[in-house]
Amino acid sequence: MFKKFFKFLKGYVIIRITGKGAERFVNICIRRGIDVWNTKPCENGIELCVLARDFRNIRGIVKKCKVRVRIVKKDGFGRVIRRYRKRYMFLVGLVLCAAFCITASQRIWLVEINGVERSDINSIIATLDRVGIKNGAKKSALPEKYEIKNAILNDTDNIAWAWVYIEGVKARVEIYEQTIPPDIIDKKTPCDIVASRDGVIERMIVKNGEEIAAEGDAVKAGDVIVSGKVASYKEGSPEEYIYVHSMAEVQAYTTHSKSGEYKLYYESRIPTGKRKKRCAIEICGKVFSLPGKKIDYENYDVKEKRHELYIPFFGYSGIAVNTTTYYETSINREPISVETSLDFAKNDLEAKISKEISLGSTLTDENLEYTKTDNETINVKLEMNFIQNIAVERELGAEDDKGEETFDKQTDRSAAGG
């Protein structure tokens, strides 16, 4: 892009070479260091671009190759100046436009934030606004980028890295969020083993803690299976307990079910070939919609494009064109059998159930049922039974919302025992 810009400043001509020695002409120009580009074949010859200053040096090559040269077009900055030198209003407008660009380039007119998925975007915007990264802010008044980075990291949780890039009148904020690790209770912290969901215990392997439930018992989500509060006294002695970090594997029969409505037809969208465009110009963050054709399609697909104007050595100019294209489509419905619809429903419901089961679960059986809602819709229910590990750790006292009971990590003596 920069080469084209410099060539435009220097000025160039588009010439057409005709004759049997056209290819030889191009080879000799390259060998003698004459810059030629955009070479393409044309009727009875070759068309190419050459700098205006080099055009004078090709006369000897033309005679040597016995070709004819015709100027197709002259272009360049000087040519443009000569063309518009007497159009005073155009020159005034050009000066005003340049003055506007120079003035606008001293400020930030667009703030772009990338990489935010789990964090609070409003909190980040508020932090950027507080440190001065906002529309209309002067670039010279912006704090150091390290200060902006530290402000974002201090004010927002779960952010590992942040940086601000100034590109013309745009401030681009790149953010990398931390990967949130699963909640794991420290091995020194007393805890119970509770059921993660309803089920019937099939097998238990208890490594630490006191069993509350046994094999064959039915438990509900949240029920204590292995307690971290272990009695350490003999019958007739004062009550005395120790609190331990319970560890166990609890395999249980569990049931998972999902349902949904599915169609008895396949719907496809076929483009008709017709399309309409709507354009809008964005200037320093303000969007101005341009007049366009009315979108009267009943069904259509939408595709959006954004073209930003960048100035060499400067960056984003603050001017962008947003184009929205509407493609008309016709909806084609093809009836499908109940069996085909059930296959699709089963795959869909299995994918939803798979998000609920733990790693290493074993499927024991499944049942698929459906009822017809109308001639075009069926209601499908999938029930799947698994043997899965339902043991999860819960810190002792976590179920006590009032926080009235406290625990010593080693021993606890009740009031009755003095």
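Described below are features of the structure shown in this document.

About the criteria used
- Residues numbered from 1 in each chain as written.
- Predicted model: local features only at pLDDT ≥ 70, side-chain atom pairs only at ≥ 80, totals over all residues.
- Heavy atoms only, no water.
- Pairing = 2+ DSSP bridges.
- Helix = DSSP H or I, 4+ residues; strand = E, 2+ residues; numbered from the N terminus.
- Axes fitted to C-alpha atoms, helices over the stretch in contact; angles between N-to-C directions.
- Contact = heavy atoms within 4.5 Å.
- Buried < 20%, exposed > 50% of the residue type's maximum accessible area, 1.4 Å probe, protein only.
- Phe/Tyr/Trp six-rings, centres within 6.5 Å; stacked < 30°, edge-to-face > 60°.
- Lys NZ or Arg CZ within 6 Å of the ring centre and 35° of its normal.
- Salt bridge = Lys/Arg side-chain N within 4 Å of Asp/Glu carboxyl O.

In spatial order, the strands read β6-β9-β8; together these three strands make up an open sheet with mixed pairing. Sheet topology places β6 (110-114) and β8 (159-167) at the edges, where each strand pairs with a single neighbour. For this sheet, the mean inter-axis angle between neighbouring strands, taken without regard to orientation, is 15°. Note that β6 and strand β9 (residues 170-177) share five bridges and pair parallel. Its bridge partner lying in β9, Leu110 is registered against Lys170. The sheet contacts of helix α7 (residues 121-131) involve β6, β8 and β9, and relative to β6 the element is tilted by about 140°. Its contacts with the sheet put helix α8 (residues 145-155) on β8 and β9, and the angle it makes with β8 is roughly 145°.

Attention now goes to the side chain of Lys170. As for its placement among the helices and strands, Lys170 is situated in strand β9. You can call Lys170 buried: its relative accessible area is 4%. Setting aside residues up to four positions removed in sequence, Lys170 forms contacts with Ile108, Leu110, Glu112, Tyr165, Glu308, Tyr310 and Tyr316.

Here the distance between the centres and the angle between the planes together describe a pair of aromatic rings. Evaluated as defined, the whole model comprises five aromatic pairs. An angle of 75° between the planes, with centres 5.1 Å apart, marks the rings of Tyr146 and Trp163 as edge-to-face. Taken together, the positions of Tyr146 in helix α8 and Trp163 in strand β8 put the pair 17 residues apart, joining distant regions of the chain. Under the relative-accessibility criterion, Trp163 is labelled buried at 17%. Seen from the ring of Tyr241, Lys229 lies directly overhead, with NZ or CZ sitting 4.6 Å from the centre. If you follow Lys276 out to its NZ or CZ, it ends over the ring of Tyr297, 5.2 Å from the centre.

Taken as a whole and assessed by the stated rule, the structure comprises 19 salt bridges. Between Lys170 and Glu308 there is a salt bridge, with its nearest N and O atoms 3.2 Å apart. Here Lys170 is found in strand β9, whereas its partner Glu308 is found in strand β20 (residues 300-311), with 138 residues between them in sequence. Between Arg269 and Asp301 there is a salt bridge whose closest N-O contact spans 3.0 Å. In this pair, Arg269 sits in strand β18 (residues 265-283) while Asp301 sits in strand β20, placing the two residues 32 residues apart along the sequence. Three or more residues joined by partner-sharing salt bridges are found here, namely Glu112, Glu167, Lys170, Arg172, Glu174, Glu282, Arg306 and Glu308.

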